[in-house]
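Residue-level structure breakdown
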Amino acid sequence: MIMSKSVLILPGDGIGPEVMAQVRRLLDRIGGFSLSEGLVGGAAYDVHGTPLADDTMAQALKADAVLLGAVGGPKWDSLPFADKPERGLLRLRKDMELFANLRPALVFDALAGASTLKTDLVRGLDLMIVRELTGGVYFGEPRGIEDLPNGERRGINTQVYTTSEIVRVARVAFELARKRDSRVCSVEKANVMESGVLWREEITKLREADYTDVALSHMYADNCAMQLVRAPKQFDVIVTDNLFGDLLSDCAAMLTGSLGMLPSASLGAEDANGSRKALYEPVHGSAPDIAGQDKANPMACILSASMMLRYSFDMAAEADLIDAACQDVLNAGIRTGDIVESGMTPVGTVAMGDAVLAAMDKRSGG
Ligand code: IPM
Ligand code: MG
């Protein structure tokens, strides 16, 4: 277990700083962390001319965990590709080697009615998407836009996976499944892509070698998208590549009623001491349309901090307390605009933070 608990906080753009402010209050309340703060995304570009300064990257590599808010916004949309806010996040993932992205989609009882799907379909839903995060078409070479002799242009990206890249993320999925319902569904397009054929073969081999106690099924990505909105409760753990994981996790997120509720963890390999590099961030984006208006839902960011306590700091009791407090707040009908139901008055970001803190105090007898 890590003793120092140094956390680098990167609030980023849009609603990032507002939701992160609520997380800071909560971490201060729990205590024992050494928190530092840095810039990422458009906020970093405005100050340093780059979406992630080398110094911030170095700090991230040294920290026990990184907490990120969100990046991006219309202000930076027309920047050259290499300067875009998203590149800051992608560099963090790549340089920290965070190959396993855990995106749980959990429907809180109180929110089952807030989903756009029928309540029966989503009540009790608890699935985990494990998305490969440092490979595939996001990083594959060759890439670029080139001029052709005939005056046309050609855009190129490459989908590429090696055995070791597939096996290490699949291991994370199998291990997680063992702590859940012991079912993994591996998702690719082996019907049209060689990288998908390899993906399927390697995962099948790995299961036969080390995880025969876990049930493994395979599904094409397009079918998976359909199954997620048809019968989402059939899934336990889904493991998939970077691009399919990006799409399917947005889809799964919406089953829960709002992107404003979903946390994520991005993990690297375990080192000799059993600790891993890790970055925690809400699945939602920077939501520039509501930024700075005290409207954003801080729960996804709060639940990301809870994942940090659980996965990086072995603080299951404190993580359980946060999760339960969020549950209490929802049960009490305290909602931000994104999850409000008829007859309820929406509250702001700060009030939501107040409510979670109060619920924690109440539960811990304070
Ligand atoms: C995500 C986001 C990112 C991605 C963007 C912001 C680069 O959509 O984390 O899902 O595509 O991975
Ligand atoms: Mg995405």
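On a predicted model such as this, the values are computed, not experimentally measured, just so you know.

What counts as what
- Residues numbered from 1 in each chain as written.
- Chains lettered and ligands numbered in written order.
- Predicted model: local features only at pLDDT ≥ 70, side-chain atom pairs only at ≥ 80, totals over all residues.
- Heavy atoms only, no water.
- UniProt positions renumbered as here; feature names shortened; annotations may be inferred.
- Helix = DSSP H or I, 4+ residues; strand = E, 2+ residues; numbered from the N terminus.
- Contact = heavy atoms within 4.5 Å.
- Buried < 20%, exposed > 50% of the residue type's maximum accessible area, 1.4 Å probe, protein only.
- Pairing = 2+ DSSP bridges.
- Axes fitted to C-alpha atoms, helices over the stretch in contact; angles between N-to-C directions.
- Parallel < 35°, antiparallel > 145°, perpendicular 65-115°, else oblique.
- Nonpolar A, V, L, I, M, F, W, Y, C, P; charged D, E, K, R; others polar.
- Domains from an automatic or database assignment.
- Buried area = accessible area lost by both parts, 1.4 Å probe.
- Salt bridge = Lys/Arg side-chain N within 4 Å of Asp/Glu carboxyl O.
- Near = heavy atom within 4 Å.
- Polar contact = N/O pair within 3.5 Å; in protein donor to acceptor, adjacent residues only side chain to side chain.
- Areas by Shrake-Rupley, 256 points an atom, 1.4 Å probe, with all protein chains shown as cover.

Feature annotation in UniProt places "site: Important for catalysis" (unreviewed entry) on Tyr138 and Lys189, given in this structure's numbering. Here Tyr138 lies in the loop between strand S5 (126-132) and strand S6 (144-147). In contact with Tyr138, not counting residues within four places along its chain, are Leu90, Arg131, Arg143, Asn242, Leu243 and Asp246. Checked against the element boundaries, Lys189 lands in the loop between strand S8 (183-188) and helix H7 (194-210). Among the residues examined, Lys189 registers a relative accessible area of 17% and is labelled buried.

Looking now at the sheet that holds strand S12 (residues 276-282). A sheet is described by the order of its strands in space; here ten strands give the open sequence S2-S1-S3-S12-S11-S4-S5-S10-S8-S9, paired in mixed fashion. Only two strands of the sheet have a single partner each, and these edge strands are strand S2 (34-37) and strand S9 (215-220). Across this sheet, the average inter-strand angle for adjacent strands is 20 degrees, counted without regard to direction. Seen against the sheet, helix H10 (residues 299-311) touches strand S1 (6-12), strand S3 (65-70), strand S4 (100-106), S5, strand S11 (263-270) and S12 and runs at an angle of roughly 160 degrees to S12.

Once that is clear, we can look at the packing of helix H8 (residues 221-230) against helix H9 (residues 242-255). Where H8 meets H9, the axes come as close as 9 Å, and the angle between the chain directions of the two elements is 10 degrees. Classified by the angle their axes make, H8 and H9 are roughly parallel. On the side of H8, the interface is formed by Ala221, Cys224, Ala225, Leu228 and Val229, while H9 contributes Phe244, Leu248, Cys251, Ala252 and Leu255. Of the residues belonging to the contact of H8 with H9, the class tally is ten nonpolar, no polar and no charged.

Positionally, Leu243 belongs in helix H9. Residue Leu243 is classed as partly exposed on the basis of its relative accessible area, which comes to 34%. The spacing of Leu243 and Arg154 is 89 residues in sequence and 21 Å in space, taken between C-alpha atoms. In this structure Leu243 touches Val137 and Tyr138, once residues within four positions along its chain are discounted.

Under the domain assignment used here, the chain contains domain 1 (1-101 + 261-365) and domain 2 (115-256). Computed over C-alpha atoms, the centres of domain 1 and domain 2 are 24 Å apart. Counting residues at the interface gives 14 residues for domain 1 and 17 residues for domain 2. Interface of domain 1 and domain 2: buried area, both sides summed, is about 1,400 Å²; carbon and sulfur atoms make up 64% of it. Together, Lys94, Phe99 and Asn101 form the three largest contributors to the area buried by domain 1 at its contact with domain 2, with a combined 43%. On inspection of domain 1 and its partner domain 2, the count reaches zero salt bridges. Here the element with the most residues in the side of domain 1 that touches domain 2 is helix H4 (residues 85-95); it accounts for four residues.

Okay, the site of ligand 1 next. For ligand 1, the full set of nearby residues is Glu86, Arg93, Arg103, Arg131, Tyr138 and Asp246. Take Arg93: an N or O atom from its side chain is 2.7 Å from an oxygen atom of ligand 1. In the environment of ligand 1, an oxygen atom lies 2.8 Å from a nitrogen or oxygen atom belonging to the side chain of Arg103. In the complex, 76% of the free accessible area of ligand 1, which totals 320 Å², lies under the protein chains. For the shell around ligand 1, a count of residues per class yields one nonpolar, no polar and five charged.

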